[in-house]
Every structure is written in structure tokens, then in C-alpha cells.
Amino acid sequence: MLEIDGTPVRISSPDKIVFPAPGLTKLDVVRYFLAVAPGALRGAGGRPMVLKRFVKGIEQEAFFQKRVPENHPDFIDTATLRYARGTSAEETVIRDAAGLAWVVNLGCLDLNPHPVRAEDLDHPDELRVDLDPMPGVDWAQIVDVAMIARDVLEDMGLVGWPKTSGSRGLHILVRIAPRWDFRQVRLAAETLAREIENRAPGLATARWWKEERGESVFVDFNQNAKDRTVASAYSIRPLPDARVSTPLRWDEVGSRRPEEFTALTVPARFAEIGDPHEGIDDAIGSLEGLLALADELGPAEKPPRAGDGDGRRQSTMPLIEIARTKTKPEALDALREWRDRHPAAAALLHPADELVDGMRGSSSLWYRVRVNLQHVPEGERPAQEELIADYDPWAGRRSP
């Protein structure tokens, strides 16, 4: 039992190893979050969140739990979100350090709040810029795109607050007045992405379809769709080194690297300099500039549709599908098997031609593996074959 600001919180299996490489236990993870609680709550507090639970450790896929557990304590608030599919869920809302410890005890490492406050679920108060590097892109290119993103935001009268994603990329958070609905916020984010691409052609892309991006930084505007969440500030990502999604000052973006920030190093940094995002809630901006730019740019180019009448999007790239798997290691094994079968074609692939995508299933991720044969001469391209693995994430499940 931990006494957190007068509230008792039970930590089950405190000695369970969560991160084997640094030897971090479950209790260590709870104590990490308590050490950075003001910053973590600035990012996730007061917002409904999806619980991403690593109940079997970081080497197993997490499962996603939208609904708050029935036996939640009194210090956990809730908010009922209604989704585009017509479903709804009463989701968890944490308000204090005790709530933070409680969700961590459930197996949550990265916190996934929605961009709305529990008091107003229809109007986001945060626009999220996700700079997602394609394979083959180095950190210097991400930094260049981040600086251009900052310039575009400033030209639109907005303030961006950067943080490492905790993986390979960078997030920029923008506080906005809760005046616009999700559709308008997503349009503003897409417009921002298009303008960044216009100013940095070849470095950044706003193309939604992965096979069309090349070796660039994708400005992922769809993270602002109603049902989407991203890892918030001070989340620990499920990587062997317990890497943390860490807020930065702008003068640090070009000089620091994501691997510097882990659950072992961030508490000391927080104690020394505080939270670089401390002023974020005082920098509330307007989307009027971005929405006006959206009118100037006109509708974004849409991909062609298949001519067989099914209405599906038709890729302009020569794609073949390799496998569908339950876990990422299985996906990478399938990709290696395909490369062994077709060494000549594999030798011509660029890093961004190998597409391993995490896909959201009913309650967890599954993985789709594809290969873009654009750099393989047409006469030498392997044909579509039977999938090496064909995992069905919906097998055995019935629709509600």
C-alpha cells in the first residue's frame, strides 16, 4: 500500500519485473510516475483515456480497454465518450497522483488520453502534430521538419510544444480554444501537414498512404481524428530501455536524442529543470488561420478508387501482401522468410519499401506486412503469393 497525498493505493505484485534490461519492477515504474506526476498529469489529467495495459509485460502485446473497470475507486472519475461507429464507453479520467498510480498498477505504461477535457467531450483543446519518420530517415531530418512545423505554427499564431515520442519520432502539442469540433480540428491538422510539405518537399509528406511517402517524415494529421489517442508526456514506451516520451525546450530539439530519456534518467532531469511544458495551458491559440489556409489550398488530393465498383481505394504502387500476424516479431520473421525466397528482389528494396503496419483490432494490435516493389523492374517483380501467415484478429468474435 502506498499513501499518496493522503490516498491509499494498492500496488499488486510490486516486485514483478516490467523492464528486464534495466531491471525495473512494477513498483519502480509507479515511483517513476510519482516523481514526474505534475508533468504527467499536465498531459493526461482531466482527460478520458484508453487504458493500454501490458499485463503480461512489454514482450507481449498490450490490450486496449476503453471502459473503466467496474471496481474503480472513488478517486477515479469517468466520462462517457460516443464513437463514430455508434458505440459508447465510460472511460477513465485521472485527476491526481493517486489516479496516476492506480492506472499504472493496471499495467499502463504509456498513457493514451483523448485531446478533450472531461467537461467538454465534443471540442478538442489540443491539436497534435505527430512527426513519424519512415524507415531510412535519421534524427537530423526529423529536427529539420520540426523547425519548419514550428515556423508554420507561429505564422498561424500558434505555439508548439515539442516532446520526443518515446520511439523514433517527435510530437508537437498545440493548445487551442475548445471552439472547434473534431472534423474542423482534423482539417486544421491536415492543412498544417500540407503546408509543412509545401515548405519542405522531399523532407516531409502529408500523404496518408504509407507506400507513397518515400524516405520522408510523415506529418500524421489523422492522430486528430475523434477516435485516436497518442502517448502523452512522460509516458514510458514498451521498449527494452524504458524510453520516455519527454517534453523538450525548442533549443534542445536539435541537440538531444530520444534514447537519452528513460525512466532511469528523466526523474533527475525533472527534479533539476522541472517540466519544459509548464506554460502550455497558458498558450491557448485559435485555428482560424489554419482553417483559412485550408480554404486557400482547396481539398487535398484523394487516391483513385478501384474500377470494380466496390469503392475501395486503388494504390498507385505495386504492392504485394506478405503476411498478417498477431505479433510484431512474427511479422518480422515473415518478412525475412519472404526476403529469403526472393533475394534478387529483396536486394533492390529501399528501407521505406518494407511496410510493417500495426493495425488496431477489437482490443489489441495485429500486424500487416506488405512490400512495395516500386524499385524492382517490372519484369522481375515477384507475384502475389499465399500469405506466409494469415492471422485473423476477429476470429471467434461476434459483432455486438
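Residues numbered from 1 in each chain as written. Predicted model: local features only at pLDDT ≥ 70, side-chain atom pairs only at ≥ 80, totals over all residues. Heavy atoms only, no water.

### Side note on helix α3 (residues 97-105)
Our working definition: Relative accessibility thresholds used throughout: buried, under 20% of the residue-type maximum; exposed, over 50%; partly exposed, between the two (1.4 Å probe, protein chains only). Each helix corresponds to a stretch of at least 4 residues labelled H or I by DSSP, and each strand to a stretch of at least 2 residues labelled E; elements are numbered beginning at the N terminus. Any two residues whose heavy atoms approach within 4.5 Å are treated as being in contact.
Most of α3 is tucked away, with nine of its nine residues classed as buried. Residues of α3 that are buried: Ala97, Ala98, Gly99, Leu100, Ala101, Trp102, Val103, Val104 and Asn105. Among the structural elements, β1 (2-4), β2 (7-9), α1 (26-35), α2 (37-44), β5 (48-53) and β8 (88-93) are those in contact with the buried residues of α3. Where α3 terminates, the next one or two residues include glycine 107, which has phi positive at roughly 105°.

### What about the pairing of β5?
Defined as follows: Here a strand pair is declared whenever DSSP counts at least two bridges between the two strands.
Most of β5 sits inside the fold, with six of its six residues counted as buried. In β5, alternate side chains face the same way, and those of Pro48, Val50 and Lys52 on one face and Met49, Leu51 and Arg53 on the other are all buried. Pairing geometry for β5 and strand β9 (residues 112-113), over two bridges, is antiparallel. From the neighbouring strand, methionine 49 faces β9, where its bridge partner is proline 113. By the bridge criterion, three bridges tie β5 to strand β6 (residues 63-65) in an arrangement that is antiparallel. Residue pairing across strands places leucine 51 opposite glutamine 65, the latter belonging to β6.

### Thoughts on the sheet that holds strand β17 (residues 365-372)
Note the threshold: Angular values range over 0 to 180 degrees, each being the angle between N-to-C directions of two axes fitted as lines to C-alpha atoms, with helices fitted over their stretch in contact.
One open sheet holds the three strands; their spatial order is β15-β17-β16, and the pairing between them is antiparallel. The two strands at the open ends of the sheet, each matched to only one other strand, are β15 (319-325) and β16 (354-360). Across the sheet, the mean angle from the axis of one strand to that of its neighbour is 25°, orientation sign disregarded. In this structure, β16 lies alongside β17, joined through seven bridges in antiparallel fashion. Residue pairing for β17: valine 356 is matched across the bridge by valine 369.

### Some points on unusual backbone geometry
If you check the backbone angles, aspartate 5 has positive phi at about 50° while not being a glycine. With phi around 50°, serine 13 is a residue other than glycine that occupies positive phi space. You can call serine 13 partly exposed: its relative accessible area is 48%.

### Brief notes about the side chain of threonine 262
Position of threonine 262 relative to the elements: it lies in the loop between α6 (250-253) and α7 (266-273). Looking at threonine 262, the relative accessible area reads 9%, which means it is buried. Contacts of threonine 262, omitting those with residues within four sequence positions, involve Asp241, Ala242, Arg243, Val244 and Pro267.

### Considering the environment of alanine 40
As for its placement among the helices and strands, alanine 40 is situated in helix α2. According to the relative accessible area criterion, alanine 40 is buried, its value standing at 0%. If we ignore the near neighbours within four places in the chain, the residues touching alanine 40 are Phe33, Gly45, Leu100, Ala233 and Tyr234.

### Structural notes on the nonpolar core
How we decide: Here, the term nonpolar core denotes a set of buried Ala, Val, Leu, Ile, Met, Phe, Trp, Tyr and Cys residues that are joined through side-chain atoms within 4.5 Å.
Ranked by size, the top nonpolar core spans 89 residues in total, and within it Leu127 and Ile236 carry the most contacts. A total of nine residues in this core trace back to one element, the largest contributor, which is helix α4 (residues 139-155). Isoleucine 236 has contacts with Phe19, Val29, Tyr32, Phe33, Leu109, Asp110, Ala242, Arg243, Val244 and Ala263, leaving out every residue within four places of it along the chain. Residues Ile320, Trp338, Ala345 and Tyr367 belong to the second largest nonpolar core, which totals 16 residues.

Keep in mind that these numbers describe shape and distance, not what the molecule does.
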